[in-house]
Amino acid sequence: MAAYLCPPAVIHGEHPVQTSQIVAEVRDRHPHATWAPRIDGIAASTGIETRGWMLPLETAIAPGDGGGLRAVGVEPAQDALARDGFTQQDVDRVIAALEAIPAPQTVQERTGPAWEAVRTYGERAARGALQIAGLDAADVDCLITSHSTTPALPGLDIALANKLALRDDVMLLPATQWACVAGTRSLALAAGLVAADPDRVVLVVVSEALSTTYQPADDTLESLIVRLLFADTAVAAVVTGRPRHESVLRLDAAWHHTLPGTQDLHRLETRADGTHFVMDRRGPRAVQQTVTAMWEWLRVRYQDHPDAWHPDVLLAHPGGTRVLEYMEQTMPDAWPSGLLDYSRDSYTTGNRGGAAVFDILRRAHDAGQKPGSRAVLYAAAPGLTATALEGEWL
């Protein structure tokens, strides 16, 4: 397969949101929720104290521009009250009271600002990746993009093609629905493209405003966890078919896996008040099955060297700490400890979705890796689907 990856550019959300802020907001809004007495323990169990968002917390929890009558309108409400015998004075009083009731944000109010942020952050990441690789926008032959939490048409690919002034013959490959697997799967796709044409230059950009799924009115335990986990990040990297001076990782093989019957365990739902991330408690167990399948892929790939081979670093985005623990428990006994240190380090500042693996990769690169070190990249996403890559540090 032999594709060469330059160091990624990582742009973190610039608005820090403390876990204590989220806990205070949720406790004030849902004081009688069944999980309210346990909220401090639940928050502490995530291991996340702060995360960066593209927009401040106040934007997510603000009411919509319209009042309580937005859905039906003022005039129909006035007419209905008048027909029921209310005096004009009483009608005016009731209408004023109803208009003063805060209404939730609409889909447009919620996702519009986030979409603008996704484009802005994506452009910054893309320009950063090109600079790191020592290339110009004119050198790009293919652009792969993903932004699952802010659906739009045209999407991030078209926005960046215009912002970066890419050539008009550049291949645009938007992959909006890849979600958490966008980092690994986009690299696998890029590797296939440069294998077909080694002179091809592929730019990968993932920009996710996961905070868009923060829905103040939701009162389920799962919605609380979603509030606590997500961070916003834009990442980008250049993949080439020939090694460059800037290349840091050679990708040698890719693996894909999909679990049948798991499509409802994690999903995005678009409702009147915006995008909701819905997850099932069975999700971590299902993700663990993809981890087991990945171990089998690596075992077969290196079955001729069962005792001599192991990864030196494992860059994994499984979605949560429970699966990280499972990965450590199920690794071959001969493998060294600490393979997931960079994954754990990234997770302490939030779940970055499709951008996570690039963030983890950047942390490993900045820490320094010996040439010849073997790396495995892994991510699982709603579907339930997973992609892994295996390669060597240069």
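Looking at an unreviewed UniProt entry, the protein chain carries the name Polyketide synthase, with the source organism given as Streptomyces canarius.

S.K.: Quick rundown of the packing of aromatic side chains? Include the residues and the values.
M.R.: Throughout the structure, instances matching the rule amount to six aromatic pairs. Ring plane angle 75 degrees and centroid distance 5.4 Å describe the contact between Phe-230 and Phe-277, whose orientation is recorded as edge-to-face. Here the residue Phe-230 occupies a position in the loop between helix H9 (221-229) and strand S8 (232-240), and Phe-277 occupies one in strand S11 (residues 274-279), the gap between them amounting to 47 residues. Residues Phe-230 and Phe-277 agree in their burial class; the two are buried. Taken together, a centroid distance of 6.1 Å and an interplanar angle of 20 degrees make the contact between Trp-255 and Trp-297 stacked. In this pair, Trp-255 is assigned in strand S9 (residues 249-258) and Trp-297 in helix H10 (residues 283-301), connecting sequence segments 42 residues apart. Residue Trp-255 is classed as buried on the basis of its relative accessible area of 10%.

S.K.: Any chance you could break down the packing of helix H6 (residues 107-133) against helix H7 (residues 156-163) for me, citing the residues and the numbers?
M.R.: Any two packed helices are characterised by the angle at which their axes cross and by the distance between the axes. At a minimum axis distance of 10 Å, the contact between H6 and H7 shows a crossing angle of 55 degrees. In this view, H6 runs oblique relative to H7, as classed from their interaxial angle. In this structure, the crossing between H6 and H7 has a hand that is right-handed. Taking contact as the criterion, the partners of Trp-115, Val-118, Arg-119, Gly-122, Glu-123 and Arg-127 in H6 are, on H7, Leu-156, Ala-159, Leu-160 and Lys-163. Of the residues that constitute the contact of H6 with H7, the class distribution is five nonpolar, one polar and four charged.

S.K.: Report on unusual backbone geometry, specifying residues and quantitative values.
M.R.: Glycine aside, a negative phi is what most residues show, and trans is what most peptide bonds show. Put simply, Leu-153 and Pro-154 share a cis peptide bond, and its omega is 0 degrees. When you line up the elements, Pro-154 lands in the loop between strand S5 (142-146) and H7. A cis amide bond, omega -5 degrees, links Gly-383 with the succeeding residue Leu-384. We note that Ala-165 has phi near 55 degrees; this positive angle belongs to a residue other than glycine. By relative accessible area, Ala-165 is classed as exposed at 59%. Even without being a glycine, Ala-179 presents a positive backbone phi close to 55 degrees. With respect to the helices, strands and loops of the structure, Ala-179 is situated in the loop between strand S6 (171-174) and helix H8 (182-196).

Criteria and thresholds
- All residue numbers refer to positions counted from 1 along the written sequence of the respective chain.
- With the structure being a predicted model, the display of local features is reserved for residues of pLDDT at least 70 and the display and counting of side-chain atom pairs for 80 or more, all residues being used for whole-chain, interface and lining totals.
- As a rule here, side-chain values come from all non-hydrogen atoms in the structure, and water together with hydrogens is ignored.
- Two rings from Phe, Tyr or Trp (for Trp, the six-membered ring) form a pair when their centres are within 6.5 Å of each other. A pair whose planes differ by under 30 degrees is stacked, one over 60 is edge-to-face, and the rest are tilted.
- Numbering of helices and strands runs from the N terminus; a helix is a DSSP stretch of H or I covering at least four residues, while a strand is a stretch of E covering at least two.
- We call a residue buried when its accessible area falls under 20% of the maximum for its residue type, exposed when it is over 50%, and partly exposed in between, using a 1.4 Å probe and counting protein chains only.
- The axes are straight lines fitted to the C-alpha atoms, using for helices just the contacting stretch, and the angles between their N-to-C directions are given from 0 to 180°.
- Should an angle fall under 35 degrees it is taken as roughly parallel, and over 145 as roughly antiparallel, whereas 65 to 115 is taken as roughly perpendicular and any remaining angle as oblique.
- By convention, the crossing between two helices is left-handed when the near helix turns anticlockwise from the far helix through less than a right angle, and right-handed when the turn is clockwise.
- Whether two residues touch is decided by their heavy atoms; if any such pair falls within 4.5 Å, the residues are in contact.
- Residue type decides the class: Asp, Glu, Lys and Arg count as charged, Ala, Val, Leu, Ile, Met, Phe, Trp, Tyr, Cys and Pro as nonpolar, and the leftover types, Gly among them, as polar.

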